[in-house]
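Read off the chains here:
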Amino acid sequence: MDFRFSPEDEKLREEAIEFTRREWDAKGMGDGQGIYYALSWDHENHELESMMNGFEKKLVDKGWWTMHWPTEYGGRGAGIETQMAYREAMVYAGAPATLGGGLVAPVLMVHGTDEQKEYFLPRIANADISYISQGFSEPDSGSDLASMQTRAVRDGDDYVINGQKIWSTYKAEFIHILVRTDPEQPKHRGITYLLARLKDEDGNYLPGIKVNAIPDALGRHRWDEVFFEDWRVPSNNIIGEENRGWYAAMTTLSFERSNIEGPAMLIRVMEDFIEYAKNVRQHGESPLDNPVVRHQIANLRLEIEAMRMLSYRVGWMQSQGEIPVREASMTKFWGDEITQKVYRYFSHVLGEYGLVLPTTELPLKLPVGGFLNSNAVSTIGISIAGGTTEVQKNIIAQRGLGLPR
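The following paragraphs examine the structure supplied in this document. Within each chain, residues carry numbers counting from 1 in the order of the written sequence. Local features in a predicted model are, by the rule used here, given only for residues with pLDDT of at least 70; side-chain atom pairs are given and counted only at 80 or more, and totals for whole chains, interfaces and linings are based on all residues. Hydrogens and waters are ignored; side-chain quantities use all the structure's heavy atoms.

## Considering the packing of aromatic side chains
Phase 1 of the analysis: Pairing of aromatic side chains requires ring centres within 6.5 Å, counting the rings of Phe and Tyr and the six-membered ring of Trp. Pairs whose planes differ by under 30 degrees are stacked, by over 60 edge-to-face, and all others tilted. Summed over the entire model, instances satisfying the criterion amount to 15 aromatic pairs.
Phase 2 of the analysis: With a centroid separation of 4.9 Å and 80° between ring planes, the pair formed by Tyr119 and Phe120 is classed as edge-to-face.
Phase 3 of the analysis: Judged by its relative accessible area of 32%, Tyr119 is partly exposed.
Phase 4 of the analysis: We classify Phe120 as buried; its relative accessible area is 7%.
Phase 5 of the analysis: The interplanar angle of 55° and the centroid separation of 6.4 Å between the aromatic rings of Tyr345 and Phe346 together place this pair among those described as tilted. For every residue, the accessible area (1.4 Å probe, protein chains only) is compared with the maximum for its type, and the residue is labelled buried under 20%, exposed over 50%, or partly exposed between those bounds.

Okay, structure coming up:
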């Protein structure tokens, strides 16, 4: 197992960092790693959205936006190692985006119709469509996603859909959504995967769609919930086969998903905090004058490095054609734990400034674009979203240690 990158990948890393520093300017909106939280803090920040899409267009011109796509779809077929080297460097440098296509492009490549591929893939590749809303989770179907109940009934050439989705943002033009088309089958079956319009060409929600804002623990509009009432979707919007949508939706294993962005971001956050602590005085002293603080920062840095090595391991296994089921759960579980610890501890060290929110005007500039403090609260949810800590532990226990259910 060799975690060293090739000379070509190391050169790409250096170029990616230089490119980001030259081409990306956050204009004070979530400087540094705060850019990853600025949009969720200000859900309707259209200026920032436009700036980020402009950066995505630069990645398109550079040939990086779809480097991970197969050559038959216009990509470069970049290997897992190259993807990891690139993404880690870009995130560390503060880039607001790295690779395009998300979950939808790879699913379309495998299960999409020719018509779907011809329409969506070029637009995704050009960053004309950079975000498609996700309609997976429901109020009673989170970690047990296959228990979802949003119902789709065939009516001629349409599906008539009724139900609710939650914990995403539903402001995109399109949505990829799982619906139950046969409630008599076992829960992983009888599910159909659709790619459909949420809005018309004027930007208005289609009939039968209602979206409500959901505030987070800080009172900010961070998520949405969407209700469907007799929402009609053409039946040719199916991805894959009717009643086999679960299997189509799981088609993402061949694309890089090691969570390498997590440790890269935390390393940058730590450096940002240390630089701040060197130049600030609280009661006449720097926080770094306290040996306990220095030792704790050193411990956190070691834990971040362990998180990074777990991500490298997942990427290495994927490059060897292996499916890292338990290892992916390890990166998720450990990454959530360390991310929460970093933000909470740094917020604690800030003292009274640890209670400050990004909207507060101060005579000094806080680290991480002012989002360090709010993240100490908002990251509580990451050990629930995307599969709870308890679910990850069960996977590790059963598939890693061979323990009984």
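## Observations concerning the nonpolar core
Phase 1 of the analysis: Among the nonpolar cores identified, the biggest contains 56 residues, and Trp64, Tyr86 and Phe346 are the most heavily contacted of them.
Phase 2 of the analysis: Of all the secondary structure elements, the ones that give two or more residues to this core are helix 1 (7-23), helix 2 (35-41), helix 3 (46-62), helix 4 (80-93), helix 8 (261-278), helix 9 (291-319), helix 10 (325-349) and helix 11 (372-378).
Phase 3 of the analysis: No other element matches helix 8, which puts 9 residues into this core.
Phase 4 of the analysis: Any pair of residues with heavy atoms lying within 4.5 Å of one another is described as a contacting pair. Among residues more than four places away in sequence, those in contact with Phe346 are Val269, Met270, Phe273, Ile297, Leu300 and Leu372.
Phase 5 of the analysis: As used in this record, nonpolar core signifies buried Ala, Val, Leu, Ile, Met, Phe, Trp, Tyr and Cys residues forming a set joined through side-chain atoms within 4.5 Å. Membership of the second largest hydrophobic core comes to 25 residues, among which are Ala125, Ile129, Phe136 and Leu145. The helix count covers DSSP runs of H or I at least four residues long, the strand count covers runs of E at least two residues long, and both are numbered beginning at the N terminus.

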